[in-house]
Amino acid sequence: TITARPVTVTADAKSKIYGNADPALTYKVTSGSLAFSDAFIGALSRAPGEDVGSYAIQQGTVALGSNYTLTYVGADLTIGARPITITADAKSKVYGDADPALTYQITSGSLAYSDAFTGALSRVAGDAVGTYAIQQGSVALSSNYTLSYVGANLTILQRPITVTADAQSKVYGDNDPALTYQVTSGNLVGSDAFAGTLSRDPGEIVGSYNITQGTLALSSNYALTFVSAQLTISARPITVTADPKTKILNAPDP
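Residues numbered from 1 in each chain as written. Predicted model: local features only at pLDDT ≥ 70, side-chain atom pairs only at ≥ 80, totals over all residues. Heavy atoms only, no water.

K.L.:
Break down the sheet that holds strand S4 (residues 45-46) for me, citing the residues and quoting the values.
P.N.:
Within a beta sheet, neighbouring strands are joined by backbone hydrogen bonds and run either parallel or antiparallel to one another. Spatial strand order, S2-S7-S5-S4: 4 strands in an open sheet with mixed pairing. Strands at the two margins of the open sheet, each flanked by one partner only, are strand S2 (14-17) and S4. The pairing of S2 with strand S7 (residues 75-80) spans 4 bridges and is parallel. For Lys 16, the partnering residue across the bridge sits in S7 and is Ile 79. (Pairing = 2+ DSSP bridges. Helix = DSSP H or I, 4+ residues; strand = E, 2+ residues; numbered from the N terminus.)

Structure representation (structure tokens):
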């Protein structure tokens, strides 16, 4: 009597990263042996699925002839999370302007299939001149990914604004007129306002005197440029009229 030859094969545990192709499913003879030139036919298979997790490696079509009693010991194919890194793009804006779109780039790894990001970046709150961290916000991927985030900054720059003094004049001896100015480039934001007043070079005689910035100022959120003008003091017109006089002949002049 010739009895069936016992042989045990054990699947090799396998792993892959989500989105990658399956590795070859292999096995080893862990008990018994093949006789003569006999060989296995068929291939292992695995439980279906592509999400992160463990999937049983099955005997599939692996077989030997009827001369063998084939025992199969399974293993698992483990799908690990796919690593991916995104890096925020540095951004800047001028004080008072709307925020630019906060964008990012994939700097390591890649997306699989038709997967896509959800959500949006955010930033630390604040509208004054300075640097504000751009944060991950609600940007996310499914649990099939290990998402790493590298931040950047949104820089708020000073708002340029130019004021130009109005040329002024007065007559010698009169009081100075109000020293006024116009915004000739840029604009103020919201309820922001100038503080202080213009001044001028000292002097009261006829001539031209530079009108200077004086104490005129804005907050540090602005880059203020001042364009001077002149206060001109003109000669004071005056008319004198001689008084009529009389005298007696041969008397001295009054």
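Alright, that's what it looks like, and here's the rest.
K.L.:
So, the pairing of strand S19 (residues 207-212): which residues are in play, and what are the values?
P.N.:
Across 2 bridges, strand S18 (residues 199-200) lies against S19 in antiparallel orientation. When the bridges of S19 are listed, Arg 200 appears paired with Ile 211. As defined by bridge partners, S19 adjoins strand S21 (residues 229-234) across 5 bridges and the pair is classed as antiparallel. The partner of Gly 207 across the bridge, within S21, is Ile 233.

K.L.:
Explain the nonpolar core to me, and be specific about the residues and the numbers.
P.N.:
In this structure, Phe 117, Ile 134 and Tyr 145 are the most contacted members of the largest nonpolar core, which totals 16 residues. Residue assignment for this core shows that the elements contributing at least two residues are strand S8 (82-88) and strand S14 (152-157). Top contributing element to this core by residue count: S8, with 3 residues. Excluding anything up to four places from it in sequence, Ile 134 contacts Ala 88, Asp 89, Lys 91, Leu 102, Leu 121, Ser 122, Arg 123, Tyr 149, Gly 151, Ala 152, Asn 153 and Leu 154. Formed by 13 residues, the second largest nonpolar core is a distinct cluster that contains Ala 11, Ala 35, Leu 44 and Ile 57. (Core = buried A, V, L, I, M, F, W, Y, C linked by side-chain atoms within 4.5 Å. Buried < 20%, exposed > 50% of the residue type's maximum accessible area, 1.4 Å probe, protein only. Contact = heavy atoms within 4.5 Å.)

K.L.:
Kindly report on the packing of aromatic side chains, identifying the contributing residues and their values.
P.N.:
Applying the stated criterion to the full structure yields 6 aromatic pairs. Ring geometry for Tyr 95 versus Tyr 222: centroids 5.4 Å apart, planes at 75°, classification edge-to-face. Remark: Tyr 222 occurs in strand S20 (residues 222-227) and Tyr 95 occurs in the loop between strand S9 (91-94) and strand S10 (104-108); sequence separation between them is 127 residues. With respect to class, Tyr 95 is no different from Tyr 222; both count as buried. Here Tyr 181 and Phe 194 contribute two aromatic rings whose centre-to-centre distance is 5.4 Å and whose plane-to-plane angle is 70°, an arrangement assigned as edge-to-face. Highlighted residues: Tyr 181 in strand S17 (residues 181-185) and Phe 194 in the loop between S17 and S18, separated in sequence by 13 residues. Cluster of aromatic residues (ring-pair linked, three or more members): Tyr 18, Tyr 113 and Tyr 145. Taking the ring centre of Tyr 55 as reference, the NZ or CZ of Arg 46 above it sits at 5.3 Å. Lying across the ring of Tyr 132, Arg 123 places its NZ or CZ 5.3 Å from the centre. (Phe/Tyr/Trp six-rings, centres within 6.5 Å; stacked < 30°, edge-to-face > 60°. Lys NZ or Arg CZ within 6 Å of the ring centre and 35° of its normal.)

K.L.:
Give me the sheet that holds strand S6 (residues 68-73): which residues, what numbers.
P.N.:
Reading across from one edge, S3-S1-S6 is the order of the 3 strands in this open sheet, with mixed pairing throughout. Each edge of the open sheet carries a strand with a single partner, namely strand S3 (27-31) and S6. Adjacent strand axes in the sheet meet at a mean angle of 30° when their direction is disregarded. (Axes fitted to C-alpha atoms, helices over the stretch in contact; angles between N-to-C directions.)

K.L.:
Pulling in residues and values, what's your account of the pairing of S7?
P.N.:
As judged from the 5 bridges shared by strand S5 (residues 53-58) and S7, these two strands associate in the antiparallel manner. Bridge assignment links Tyr 55 to a residue of S7, and that residue is Leu 77.

K.L.:
Describe unusual backbone geometry, naming the residues involved and giving the relevant values.
P.N.:
Despite not being glycine, Tyr 113 shows a phi value in the positive range, around 55°. When you line up the elements, Tyr 113 lands in the loop between S10 and strand S11 (122-123). Looking at Tyr 113, the relative accessible area reads 52%, which means it is exposed. Even without glycine at this site, Asn 250 takes up a positive phi of about 75°. Along the chain, Asn 250 falls in the segment after S21. Given a relative accessible area of 73%, Asn 250 falls into the exposed group.

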